[in-house]
Amino acid sequence: MNNLDLTIILCISVLAAFLLAQRRAKLWHTSSTTNIHSLPSYYGYLTAIWTLMPALTIFIIWSIFELNAISGIIVSKIQELQILDKESLELTLNKIYNIANSDFYNLNDSSSINNQAANLFIEYKNNSLILKCISVISIAILSFLVVYFFITPNTKARNKVEKLITYLLLSCALIAILTTIGIIVSVLFESLEFFSQISIFEFLFSTNWSPQIAIREGQTGNSGAFGAVPLFWGTVFISFIAMLVAAPLGLISAIYLAKYATPKFRSIAKPLLEILAGIPTVVYGFFAALTIGPAIRDFCVFLKELGISLDIEIIANITISTESALAVGLVMGTMIVPFILSISDDVISTVPNSIVDGSIAMGATKSETVWRVIIPAALPGIVGGFLLAISRAIGETMIVLMAAGVAANLTANPLDTVTTITTQIVVLLTGDQEFDNVKTLAAFALGLSLFVTTLIINVIALYIVRKYREQYE
Amino acid sequence: MKDIKQNLTQELDQTSGNPLLEENIKISCRKVNVYYHKNVQSIFNVSFDIAKNQIMAMIGPSGCGKSTLLRCFNRMNDMIEECVVDGDIKLDGENIHSKNIDPVILRASVGMVFQKPNPFPKSIYDNVAYGPKLHGLVRNSSELDDIVEESLTKAGLWKETKDCLSKAGTSLSGGQQQRLCIARTIAIKPEVILMDEPTSALDPIATATIEELMYELKSSYTIAVVTHSMQQAARISDRTAYFHLGRLVEVNDTNTVFTNPVHELTENYITGRFG
C-alpha cells in the first residue's frame, strides 16, 4: 500500500458516501410521508464533502510533517548524528534519504552509520505509511458515520453545500493571494539585507555599476559598486525607443481596424497581428541579435564612411556595434504593438456609435470624426493602454539580454550598448556564487525596484482605463 | 400579419391623401425603396413631398421604416454597409444621389438630431463650435464666439449655459443635452433639420421646451420629425405622413389626417386601436 493506493481508496469511499446518502434521500422522498428539504443529490454532496474533508486534512498534514518527524526520531536514536552541527546534519540526512530511496546501495551492509540510519529510515517510513492509511481511512469512515446519522430530511443540504462551495472558492483565491504576498515578503527581506550592506542612496543615486566583487578572500581587485542609475536609465531609454515604435504603429493600426477596415479584412488581420503577441520573447531576442543588430551596424558603417568622405565630424564619429539600444528598442517595439493594438481597438470600439453618427451627420468626414471626436473621447483609455505597454517593456528581459549586452553605460546614444534592470538580475544570479553575498542580494534590490515601478504604473493605468470605461457605461 | 401585408400591397399602390405638392417643395421622394442585406426590403415605393419652412411629422408603429426613410434624406444610410437605397430623392430639385453631390456637403445642409441626446464628450462651447470649425465658416475666434452665442440662443440654451460654456456637454441634463444637439446642428446653418424622435428620451417639461423650439425654428428651416407621440405630431406639424410596414399609407395636412383620415389603417392608428 502506498500514497496512490490510499488516494484511490479515499476517492472510492467518498463516492460510496455520496451514493449511500443520495439513495437514502431518494428513499425519504419516495416514502412521501416526509418532505425533504433539498434534492437528493445535495444530501449526497454534503455527506461526500464531510467524509472527504477531515480525512484529506489529516492526509495532507501527515505527509507534510512525516519526513521531519522521522528525521527527528532517527537523530535521537543514533548518537553519532547528534554531535554534528546544523549544516552537516542536513547534508548527512540528505545522504541517508538518498541511500534509502535508491536501489544501488547495499543496505545489508550495516557497517556504516549512514546505512544503519537508512535502514531505520525505511522501517519508520513503512510504519508511518501503515499508520497513515489506517488513520486516514478510519477518520473517513468515522466522519461518514457521524454525518450520515446527523443528516435528517430536514437538513438544509442545498444551503450547506452552497456555503461549503463558497469556502472552497475562497480558499483557492487565498492561495493565489498568499503566494503573491510570499514573493513580495521574500524579495523585501533580501533587499533589506542588501541595503544593510550598501546604502540605499548609493544604490538609487550613484552612477557607477560594477557588481564584480571578490568571491574568495585575498582575491585582488574589485570591491563592487552598486549605483543602479545606469540600469534605470537603460531601462527607461529602451522602453522609450520601444514606445516610439509601438505607440504610433499600434494606435494607427487600431484605428484602421476599428473604423476603416472591412469586416473581412478585420477578421483576417486581427488574428495575424495577435500571433505577434504569441511569439516567445527569446525568438524576438535572436531576431534582434542576428538580424536587426547587424543591419544597424552595417548602416552605421555606411554612415561613417559617408561622414568621413563628406568630412562631417558628428557622423564620422558614430559608434559601430552590433549590440545597440536601438536594435533592442525596435524589436521590443514590434513585440508590444499587438498589446497596444488590442487595448486601443477595445477602447475605440467603446466610443458609442451615437457620437460617431452625430459627427457624421454634422458633415464631418470619417477621418475628421476619428481625429476630432473618437480619439479625444478615447484618449484616457489609450493612455492607460500605453502605460500598461510600458510596464510590459520595462519587465522585458530576453531581448535585452540577447541584443543589448550587459555593459552599464550611461548614454543617450541609441547606437551604444545599454543594459536594463532585468538583464542585470539575470547576470547577477547566474554562475557560481554564494547565495548571501552582496552581489546576489543586489538582484533582489533590483527586483524590488522593478516591482515597485511596474506596480505604480499598472495601478495608474488601470485606474485611468477603469475611469474611462465608467464614462460610457 | 401576412394577410395584412398582402392586403397592403394590393391596396397601397397609391398613397391616400395628398402626398405630392405643386409648389414650395424642399424635399421630394419618388418611388423610394430601401433594402437591407440585399433581399430584406424595409421601405416600399414611397413617394411624397416635404414643403419648405414647414414641419412634416412622420408617424407609424415601431418598425414601419420611418427612421430608415429619414436617414435617407441626409444619406446616413451610406454608413450602413448592406443598405441599398433606390429611387429618387431630391433636395431643391437636385438628386442627392447624383455623382456631383458629396454626401459630406449634403449633411452640412441637412442636419440631424437623434433620438438619444449625443453631445460630444467636449465642452459646451466646443460642441457648438465643432461644425463651424469643421466647415471653415469662421475666420477668427470672435466670429466663432458669435456663432456659438447665436446658435445657443436659438436653441434656447444660452441663458442657462452662458456662464459655464467650458463645462462638459455630457454634464447637462437630458433636455439640455438635446437642445445642445439642436444648437450644434443649427450652428452650421443647414436648410433642413431631420429629427429622429427627438423627445422620446425626455420628460414632459423638456419635451414642451423642445416642441416650442421646433415651432420657432420652422420659420428659418424645413423640419422633418419622426415621432411616436400622436399628440406631438398633432401639436406641432403642418403635414403628417402615416407609415405602415414600410409603406406610406396616407399623407395630408395634419388637421385632415387627425380629424378626417381617408385610410382605415390611419384611422385605426390614430384612434389607438393598434400600434
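Residues numbered from 1 in each chain as written. Chains lettered and ligands numbered in written order. Predicted model: local features only at pLDDT ≥ 70, side-chain atom pairs only at ≥ 80, totals over all residues. Heavy atoms only, no water.

## Considerations on the overall build of chain B
Part 1 of the reasoning: Check the secondary structure of chain B and you find eleven helices and eleven strands.
Part 2 of the reasoning: Taken over the C-alpha trace, chain B has a radius of gyration of 19 Å; the compact-globule value for 275 residues is 19 Å, and the two agree within 12%.
Part 3 of the reasoning: Taking the principal axes of the C-alpha coordinates as reference, chain B spans close to 60 × 45 × 35 Å.
Part 4 of the reasoning: For chain B, with 275 residues in total, the buried portion stands at 54%.
Part 5 of the reasoning: Residue pairs at least 24 apart in sequence account for 69% of intrachain contacts in chain B once pairs closer than 6 positions are excluded.
Part 6 of the reasoning: Counting every atom, chain B has about 12,500 Å² of accessible surface; 47% of that belongs to carbon and sulfur.
Part 7 of the reasoning: For chain B, the centre of its 29 positive side-chain charges and the centre of its 34 negative side-chain charges are spaced 4 Å apart. (Helix = DSSP H or I, 4+ residues; strand = E, 2+ residues; numbered from the N terminus. Rg over C-alpha atoms; globule rule 2.2 N^0.38 Å. Buried < 20%, exposed > 50% of the residue type's maximum accessible area, 1.4 Å probe, protein only. Contact = heavy atoms within 4.5 Å. Areas by Shrake-Rupley, 256 points an atom, 1.4 Å probe, with all protein chains shown as cover. Lys, Arg positive; Asp, Glu negative; His and termini not counted. Charge placed at Lys NZ, Arg CZ, Asp CG, Glu CD.)

## Considerations on the overall build of chain A
Part 1 of the reasoning: Broken down by element type, chain A carries 17 helices and two strands.
Part 2 of the reasoning: Of all 473 residues assigned to chain A, the portion counted as buried reaches 40%.
Part 3 of the reasoning: Within chain A, contacts between residues separated by at least 24 positions form 73% of all contacts whose residues are at least 6 apart in sequence.
Part 4 of the reasoning: Surface exposure of chain A reaches about 26,100 Å², of which carbon and sulfur atoms provide 67%.
Part 5 of the reasoning: Mean positive and mean negative side-chain charge positions of chain A (26 and 31 charges, respectively) differ by 18 Å.

## Focus: the domain arrangement of chain A
Part 1 of the reasoning: Split by domain assignment, chain A resolves into domain 1 (3-154), domain 2 (156-197) and domain 3 (209-472).
Part 2 of the reasoning: Taken over C-alpha atoms, the centre of domain 1 of chain A sits 51 Å from the centre of domain 3 of chain A. (Domains from an automatic or database assignment.)

## Re the state of the cysteines
Part 1 of the reasoning: For the structure shown, the criterion picks out zero disulfides over all chains.
Part 2 of the reasoning: Here Cys172 of chain A is not disulfide-linked; the sulfur of Cys11 of chain A is the nearest cysteine sulfur, at 17 Å. (Disulfide = S-S within 2.5 Å.)

## Side note on the sheet that holds strand 7 (residues 110-113) of chain B
All names here are of chain B.
Part 1 of the reasoning: The seven strands are arranged 1-11-10-4-9-8-7 in an open sheet whose pairing can be described as mixed. Whereas interior strands pair on both sides, the edge strands pair on one side only; in this sheet they are strand 1 (16-17) and strand 7.
Part 2 of the reasoning: Strand direction decides the pairing type here: strand 7 and strand 8 (residues 192-196), joined by four bridges, are parallel. Counterpart to Val113 in the pairing with strand 8 is Met195.
Part 3 of the reasoning: Packed on one face of the sheet, helix 7 (residues 174-186) meets strand 7 and strand 8 and runs near 170° to strand 7. (Pairing = 2+ DSSP bridges. Axes fitted to C-alpha atoms, helices over the stretch in contact; angles between N-to-C directions.)

## Details of the pattern of salt bridges
Part 1 of the reasoning: This structure, assessed with the given rule, holds 14 salt bridges over all chains.
Part 2 of the reasoning: With its nearest N and O atoms 2.9 Å apart, the salt bridge here joins Glu191 of chain B to Lys26 of chain B. Of this pair, Glu191 of chain B sits in the loop between helix 7 and strand 8 while Lys26 of chain B sits in strand 2 (residues 25-36), and the two are 165 residues apart along the sequence.
Part 3 of the reasoning: In this structure Lys26 of chain B comes out as buried when scored by relative accessible area, which is 7%.
Part 4 of the reasoning: In this structure, Glu211 of chain B and Arg235 of chain B form a salt bridge, with 2.7 Å as the shortest nitrogen-oxygen distance. Of this pair, Glu211 of chain B sits in helix 8 (residues 204-217) while Arg235 of chain B sits in helix 9 (residues 230-236), and the two are 24 residues apart along the sequence.
Part 5 of the reasoning: Ionic contacts of the salt-bridge type, sharing partners, join the residues Arg266, Lys270 and Asp345 of chain A into one network. (Salt bridge = Lys/Arg side-chain N within 4 Å of Asp/Glu carboxyl O.)

## Regarding unusual backbone geometry
All names here are of chain B.
Part 1 of the reasoning: Within the chain, Lys31 stands out as a residue other than glycine whose phi angle is a positive 50°.
Part 2 of the reasoning: Along the chain, the position of Lys31 falls in strand 2.
Part 3 of the reasoning: The class for Lys31 is exposed, based on a relative accessible area of 56%.
Part 4 of the reasoning: Of note in the backbone geometry, Arg75 takes a positive phi value of approximately 55° without being a glycine.
Part 5 of the reasoning: Residue class for Arg75 comes out buried when judged on its relative accessible area of 13%.

## Points about helix 5 (residues 141-154) of chain B
Residue and element names in this part refer to chain B.
Part 1 of the reasoning: Between its terminal C-alpha atoms helix 5 stretches 20 Å, which fits the 20 Å expected from 14 residues at 1.5 Å a residue.
Part 2 of the reasoning: For helix 5, the set of buried residues is Leu144, Ile147, Val148, Ser151 and Leu152. Take helix 5 and look down its axis: the buried residues cluster within an arc of 120°, on one side only.
Part 3 of the reasoning: Buried positions along helix 5 lie against helix 4 (124-134), helix 6 (158-161) and helix 7. (Expected span 1.5 Å × (residues − 1). Arc of directions from axis to C-beta.)

## Details of the interface of chain B and chain A
Part 1 of the reasoning: With 25 residues of chain B at the contact, the number on the chain A side is 20 residues.
Part 2 of the reasoning: Of all residues in chain B, Pro121, Tyr130 and Leu134 of chain B give up the largest surface area on contact with chain A, accounting jointly for 31% of the area buried on that side.
Part 3 of the reasoning: Linking Asp357 of chain A and Arg71 of chain B is a salt bridge whose minimum nitrogen-to-oxygen distance equals 3.9 Å.
Part 4 of the reasoning: Inspection of the chain B/chain A interface yields four residue pairs in polar contact (both at pLDDT 80 or more). (Buried area = accessible area lost by both parts, 1.4 Å probe. Polar contact = N/O pair within 3.5 Å; in protein donor to acceptor, adjacent residues only side chain to side chain.)

## Some thoughts on the packing of helix 1 (residues 3-31) of chain A against helix 2 (residues 40-77) of chain A
Each pair of packed helices can be described by the angle between their axes along with the distance between the axes.
All names here are of chain A.
Part 1 of the reasoning: Where helix 1 meets helix 2, the closest approach of the two axes is 7 Å, and the angle between their N-to-C directions is 155°. Classed by the angle they form, the pair helix 1 and helix 2 counts as roughly antiparallel. Considering the relative orientation of helix 1 and helix 2, their crossing is right-handed. Residues Asn3, Leu6, Thr7, Leu10, Val14, Ala17, Phe18, Ala21, Gln22, Ala25, Lys26 and Trp28 of helix 1 form the contact with helix 2, whose participating residues are Pro40, Ser41, Tyr43, Gly44, Tyr45, Thr47, Ala48, Thr51, Leu52, Ala55, Leu56 and Phe59.
Part 2 of the reasoning: Across the contact of helix 1 with helix 2, the residue classes tally to 16 nonpolar, seven polar and one charged. (Parallel < 35°, antiparallel > 145°, perpendicular 65-115°, else oblique. Left-handed = near helix turned anticlockwise from the far one by under 90°. Nonpolar A, V, L, I, M, F, W, Y, C, P; charged D, E, K, R; others polar.)

## Considerations on the sheet that holds strand 5 (residues 84-91) of chain B
Residues and elements named next belong to chain B.
Part 1 of the reasoning: Pairing is antiparallel in the open sheet, where four strands are placed in the order 3-2-5-6. Edge positions in the open sheet fall to strand 3 (40-51) and strand 6 (94-95), since each of these has one partner strand only.
Part 2 of the reasoning: By the bridge criterion, two bridges tie strand 5 to strand 6 in an arrangement that is antiparallel. When the bridges of strand 6 are listed, Lys90 appears paired with Asn95.
Part 3 of the reasoning: Sitting on the sheet, helix 2 (residues 66-73) is in contact with strand 2, strand 3 and strand 5, with an inclination near 60° to strand 3.

## Overview of the packing of aromatic side chains
Part 1 of the reasoning: According to the stated counting rule, one finds 20 aromatic pairs over all chains in the structure shown.
Part 2 of the reasoning: By the ring-pair criterion, three or more aromatic residues cluster together here, those being Phe194, Phe195, Phe203, Trp209, Phe226 and Phe232 of chain A.
Part 3 of the reasoning: Across from the ring centre of Tyr215 of chain B, 4.6 Å away, lies the NZ or CZ of Lys218 of chain B, which sits over that ring. (Phe/Tyr/Trp six-rings, centres within 6.5 Å; stacked < 30°, edge-to-face > 60°. Lys NZ or Arg CZ within 6 Å of the ring centre and 35° of its normal.)

## Brief notes about the pairing of strand 2 of chain B
All names here are of chain B.
Part 1 of the reasoning: Direction of pairing for strand 2 relative to strand 3: antiparallel, over a ladder of eight bridges. Considered in strand 3, the bridge of Cys29 is made with Phe48.
Part 2 of the reasoning: Connecting strand 2 to the next strand, strand 3, in antiparallel fashion are three residues, including His37 with a positive phi near 50°.
Part 3 of the reasoning: In this sheet, strand 5 lies alongside strand 2 in antiparallel orientation, the contact comprising seven bridges. From the neighbouring strand, Cys29 faces strand 5, where its bridge partner is Ile89.

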